[in-house]
Amino acid sequence: MAARCAALLCTALLLAGCAAAPARDAALASPPRDGPARLPADADAPVLLVSIDGFRADYLDRGLTPTLQALADAGVRAEYMRPSYPSITFPNHYTLVTGLRPDRHGVVANFMTDPTMPGVRFSMFDRATVGDARWWNDGRPLWTSVREHGGRAATMFWVGSEAPVHGAMPEYWRPFDIAVDSRQRVEQVLGWLALAPAERPHLITLYFDIVDTMGHLHGPDSPELDAALAEVDAALATLVAGIDAQGLGERVNLVVVSDHGMAATGPDRELYLDDLVDVSRLDFLWTGAYASFDALPGGEDAARQLLGGHPHMTCTTRDRIPERYRFGTHRRVPAYFCEAEPGWQVTTRDAMQRKGHRLRGEHGYDNRHPDMRAPFIAHGPAFRRGAVIPAIDNVDVYPLLAHLLAIPPADNDGDLAHTRDALVPGR
Ligand SMILES: [Zn+2]
């Protein structure tokens, strides 16, 4: 499989080993489940889904991303795209490829526990749990459906792509490695597109993390953030030029999104729960835009004392999380939630010490807050040119992608009608 995986560039460019899926027939646990649709053997019109982590919708207006602007001008953009709650990375990336809100796909946070898996703690940094399909099987990612319908999929990093969800991996995939830079990621994607049509993936994902990282470390209004925008845009320019050079410019349908935006924060907007109660018997799963935790034996009183309104923060039990978030029913959602006002952080001294640095940007806030908005840009033969559609929810991306691939969408929370005006009539 190594030769198939590499295309042109894998071993030469990438620091981590190239990973390939098990042989296809062995990988699939079940036959196609949604009817007779089969993808053609030749991938003549690949779909390419790109995520720029932490790219706030209004970054587009800074004049630093001419490639994205050109794609929007020659294609379609939505006024903006709302993330799902909580507006953090793992839940939203999995929403984008399943069309399910986090409460339904079960990836409710970057760190999780599950009462049906006692003693196991999911961490976004732990390859063993990231690669454990049990955490992902409540959703059916698009690449799984592509393979079930006879197609090929490739992921140049994507949340959920390192586990055999419902028995299937993407045909070509890479374990996440932050040391692989933006340009190397693009070159891997171009390598996959350069494969013969009978080998080329029908679906490819591409993920950039640098904008989110700089947003956290230096803030959304920093020169470092602007430099990250320019870096990713330059990588996208290489991507577009490479697609054109391969003669695929009129064939690839490209969708560029983000998982969430970024709000400015700082050391003067940190709320320490230790100042309010004894936190030693509280088990924190997350701190930041919100703190989520369970009470350990002996911690129930402290947890209850936090409930209610505080300056810049509100604490509730999970069944009282605001209804508009559509969040709180999945068994993995912790019992208690303290939500900070946008721009504030709720944390503990212990969590802050372990984090090791002060944040200048944060996300995870109300998914309707303007700072949490993400972009939606689409370009290619299926899309109108120069059109702007009203704001969409990120659950709407999945049914659009399934439509582009001409496979039946799995059950989802989105609606193709919301992106219908992005499409060329008849597509
Ligand atoms: Zn993110």
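The rules we used
- Residues numbered from 1 in each chain as written.
- Predicted model: local features only at pLDDT ≥ 70, side-chain atom pairs only at ≥ 80, totals over all residues.
- Heavy atoms only, no water.
- Helix = DSSP H or I, 4+ residues; strand = E, 2+ residues; numbered from the N terminus.
- Buried < 20%, exposed > 50% of the residue type's maximum accessible area, 1.4 Å probe, protein only.
- Contact = heavy atoms within 4.5 Å.
- Areas by Shrake-Rupley, 256 points an atom, 1.4 Å probe, with all protein chains shown as cover.
- Lys, Arg positive; Asp, Glu negative; His and termini not counted.
- Charge placed at Lys NZ, Arg CZ, Asp CG, Glu CD.
- Donors = N, O, S within 2.8 Å, 3.2 Å for Na, K, Ca; no water.
- Pairing = 2+ DSSP bridges.
- Axes fitted to C-alpha atoms, helices over the stretch in contact; angles between N-to-C directions.
- Domains from an automatic or database assignment.
- Buried area = accessible area lost by both parts, 1.4 Å probe.
- Salt bridge = Lys/Arg side-chain N within 4 Å of Asp/Glu carboxyl O.
- Polar contact = N/O pair within 3.5 Å; in protein donor to acceptor, adjacent residues only side chain to side chain.

Focus on the overall build of the protein chain
Argument step 1. Counting its secondary structure elements, the protein chain contains 14 helices and 22 strands.
Argument step 2. Considered along the principal axes of its C-alpha atoms, the protein chain spans approximately 65 × 45 × 45 Å.
Argument step 3. Out of the 427 residues in the protein chain, the part that is buried amounts to 59%.
Argument step 4. If you take every contact in the protein chain between residues at least 6 apart in sequence, the share linking residues at least 24 apart comes to 74%.
Argument step 5. Approximately 16100 Å² of the protein chain is accessible, and the part contributed by carbon and sulfur atoms is 52%.
Argument step 6. Between the averaged position of the 41 positive side-chain charges in the protein chain and that of its 54 negative side-chain charges there is a distance of 4 Å.

Let's talk about the coordination of the zinc ion
Argument step 1. Coordination of the zinc ion by the protein is provided by D53 (OD), D53 (OD), T89 (OG1), D259 (OD) and H260 (NE2), with metal-donor distances spanning 2.0 to 2.8 Å.
Argument step 2. Mapped onto the polypeptide sequence, the residues donating to the zinc ion form the spacing pattern D-x35-T-x169-D-H. With D53 in the loop between β2 (47-52) and α4 (66-73) and T89 in helix α5 (residues 89-98), the pair connects residues that are 36 residues apart, well separated along the chain. Side by side, D53 and T89 carry an identical accessibility label, which is buried.

Structural notes on the pairing of β2
When a strand is regular, its side chains alternate between the sheet's two faces.
Argument step 1. Within β2, six of the six residues are buried, leaving the element largely enclosed by the surrounding structure.
Argument step 2. Of the two faces of β2, the one lined by V47, L49 and S51 and the one lined by L48, V50 and I52 are each fully buried.
Argument step 3. The pairing of β2 with strand β9 (residues 203-208) spans six bridges and is classified as parallel. Across the sheet, the residue bridging to V50 is L206, located in β9.
Argument step 4. For β2 and strand β10 (residues 253-257), the ladder comprises five bridges, and the chain directions are parallel. Looking at β10, one finds that L49 is bridged to V255.

Examining the sheet that holds strand β17 (residues 336-340)
Pairing between the strands of a sheet is mediated by backbone hydrogen bonds and can be parallel or antiparallel.
Argument step 1. Here five strands make up an open sheet; going across it, the order is β13-β14-β17-β16-β15 and the pairing antiparallel. In this open sheet, the two edge strands, each paired with only one partner strand, are β13 (282-286) and β15 (308-310). The average angle at which neighbouring strand axes cross in this sheet is 25°, direction not considered.
Argument step 2. Across three bridges, β15 lies against strand β16 (residues 313-317) in antiparallel orientation. The residue bridging G309 from the neighbouring strand is T314, located in β16.

Topic: unusual backbone geometry
Argument step 1. For the bond running from Y85 to P86, omega is 0°, close enough to zero to count as cis.
Argument step 2. Here P86 shows up in the loop between β4 (81-82) and α5.
Argument step 3. Phi is positive for F157, close to 75°, though the residue is something other than glycine.
Argument step 4. Mapped onto the elements, F157 comes out in the loop between β7 (153-156) and β8 (172-173).
Argument step 5. A positive phi angle, near 65°, is found at H312, a position not held by glycine.
Argument step 6. Mapped onto the elements, H312 comes out in the loop between β15 and β16.

Some points on the environment of D73
Argument step 1. Summarising the element assignment, D73 is placed in helix α4.
Argument step 2. Residues D73 and G386, 313 residues apart in the sequence, show an inter-C-alpha distance of 4.8 Å.
Argument step 3. Sequence-distant contacts of D73, that is, excluding residues within four places in its chain, are made with R385 and G386.

Some details on the domain arrangement of the protein chain
Argument step 1. Structurally, the protein chain comprises domain 1 (2-264 + 369-422) and domain 2 (267-358).
Argument step 2. One C-alpha centre belongs to domain 1, the other to domain 2; they are set 30 Å apart.
Argument step 3. With 26 residues of domain 1 at the contact, the number on the domain 2 side is 22 residues.
Argument step 4. Of the roughly 2100 Å² buried between domain 1 and domain 2 on both sides combined, carbon and sulfur atoms contribute 53%.
Argument step 5. By the criterion of area lost to domain 2, the three top residues of domain 1 are Y85, D103 and R121, representing 34% of everything that side buries.
Argument step 6. The tally of links from domain 1 across to domain 2 stands at three salt bridges.
Argument step 7. Put simply, R332 and D114 hold a salt bridge, and the shortest N to O gap is 2.7 Å.
Argument step 8. Across the contact surface, domain 1 and domain 2 share 12 residue pairs in polar contact (both at pLDDT 80 or more).
Argument step 9. Mapped onto the side of domain 1 that touches domain 2, the elements with two or more residues apiece are α6 (102-105), β5 (111-113) and β11 (263-264).
Argument step 10. If one sorts the elements of the side of domain 1 that touches domain 2 by residue count, β5 sits on top with three residues.

Focus: the environment of V211
Argument step 1. Mapped onto the secondary structure, V211 falls in helix α10 (residues 210-218).
Argument step 2. Separated by 158 residues in the primary sequence, V211 and D53 place their C-alpha atoms 6.3 Å from one another.

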